[in-house]
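Listed below are the residues making up each chain.
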Amino acid sequence: MRDIAIVSFAQAPNLRATHGTTNGVEMLVPILREALERADLAKEDIGFWCSGSSDYLAGRAFSFIAAVDAIGAFPPIHESHVEADAAWALYEAWVKIRTGEVDTALVYGFGKSSAGQLRRVLALQLDPYTVAPLWPDAVSIAGLQARLGLDRGLWTEREMAEVAARSRAADPRAQIHERVSADELLARPYLADPLRRHDCAPVTDGAAVVVLAAGDRARDLCDRPAWIRGIEHRVESSQLGARDLTSSPSTVAAAKAAGADGVTLAELHTPFSHQEILLRQALGLGDEVTVNPSGGPLAGNPMFAAGLARIGEAATRLRGGERALAHATSGPVLQQNLVCVLEAD
């Protein structure tokens, strides 16, 4: 099978709200150009295009078709789409290159969360017969998960606040950036007990782009490609009562299948502070592993692009000889999880 690498990554500024349309065109045009220029590629050099987004979030059917306007009408392209985070679009593009159909692919994801009530929109991903009609919002469901872990002694509110404080201080370019202590955060009011506002990812408009290439083509396009050494995804039951919400067997299984051992850096797609602790415990990531140096979703969480951004962020932070783990999630409280293992020459 062919070796495949990430050769370019770009993302739009993570903002609380943008004035563009819900199809993401305004966010995508500049970062598509940036990603292509970084790899010294033209549009006609891309063999396959794949996107990730959600019609529910955009509020209209086939919104991804309108997003193709960001690419342009000519030359004609070979294009596909997943109704999920663009990390799963990257998986589709990876398969396309592995089969030898193309040598290069461009993956992009976008989401304008400010256009609606995100907590209510995400209720639509729940079981449509027994749960969704009750309209439980995403933060309240995550609060149930956090409470279960607290009651079992798996984490504490202080540990959650320490995760949030580190995330907020990590990257001055992030949507949320502040230097604040865990004590200061713990003094703030609850949003959905036991979650405070800093325990939850902010509403974010944003987009991300990743360019993939195979073998020698990747070496020609990039001085130090980030090679994908393994990528797998697994899913758990949609029934919340059928799962142990304080563990993530799908993440563990995906990481094992992807060969996620010996990593020194991890970018985890954890929209809530306790979920970072949960995944660190599940994956056995010790203190020697740097987690979310970008700030992660707690510093900026563009829906349907944040998982792809975790892969791009990990790729750009890799140094020679290092291995990194990038994680993406979809569905309520870590229902579906993807793990990508990257290595730099």
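Criteria and cut-off values
Residues numbered from 1 in each chain as written. Predicted model: local features only at pLDDT ≥ 70, side-chain atom pairs only at ≥ 80, totals over all residues. Heavy atoms only, no water. Axes fitted to C-alpha atoms, helices over the stretch in contact; angles between N-to-C directions. Helix = DSSP H or I, 4+ residues; strand = E, 2+ residues; numbered from the N terminus. Contact = heavy atoms within 4.5 Å. Disulfide = S-S within 2.5 Å. Polar contact = N/O pair within 3.5 Å; in protein donor to acceptor, adjacent residues only side chain to side chain. Salt bridge = Lys/Arg side-chain N within 4 Å of Asp/Glu carboxyl O. Buried < 20%, exposed > 50% of the residue type's maximum accessible area, 1.4 Å probe, protein only. Core = buried A, V, L, I, M, F, W, Y, C linked by side-chain atoms within 4.5 Å.

Draft legend 1. Just the packing of helix α4 (residues 86-98) against helix α12 (residues 306-317), in detail. Between α4 and α12, whose axes approach to 6 Å, the crossing angle comes to 65°. Where α4 abuts α12, its residues A86, A87 and L90 lie against G307, L308 and I311.

Draft legend 2. Examining the state of the cysteines more closely. Scanning the model with the defined rule gives zero disulfides in all. Counting only cysteine sulfurs, C340 is the nearest neighbor of C50, a cysteine outside any disulfide, at a range of 15 Å.

Draft legend 3. Summary view of the side chain of S113. Structurally, S113 is set in the loop between β4 (104-112) and α5 (118-121). At a separation of 3.1 Å, a polar atom in the side chain of S113 contacts the main-chain carbonyl oxygen of T204.

Draft legend 4. Broad picture of the pattern of salt bridges. Per the counting criterion, the structure on display carries 25 salt bridges. E157 is paired through a salt bridge with R196; the nearest N and O atoms lie 2.8 Å apart. With E157 in helix α7 (residues 157-170) and R196 in strand β6 (residues 195-196), the pair connects residues that are 39 residues apart, well separated along the chain. A relative accessible area of 7% places R196 in the buried class.

Draft legend 5. View of the nonpolar core. The biggest cluster of nonpolar side chains holds 40 residues, and the ones touching the most others in it are I6, L90, L212, I228, I311 and L342. Considering every element that reaches this core, the biggest residue donor is α4, with eight residues. Setting aside residues no more than four positions away along its own chain, I6 makes contact with V210, V211, L212, P225, A226, I228, I311, A315 and L342. In terms of nonpolar packing, the next biggest core, distinct from the first, is built from 37 residues, A123, I141, C200 and L325 among them.

Draft legend 6. A look at the environment of S181. You can see S181 is positioned in the loop between α7 and α8 (182-186). We classify S181 as partly exposed; its relative accessible area is 30%. A sequence separation of 117 residues divides S181 from F64, and the C-alpha atoms of the two residues are 41 Å apart.

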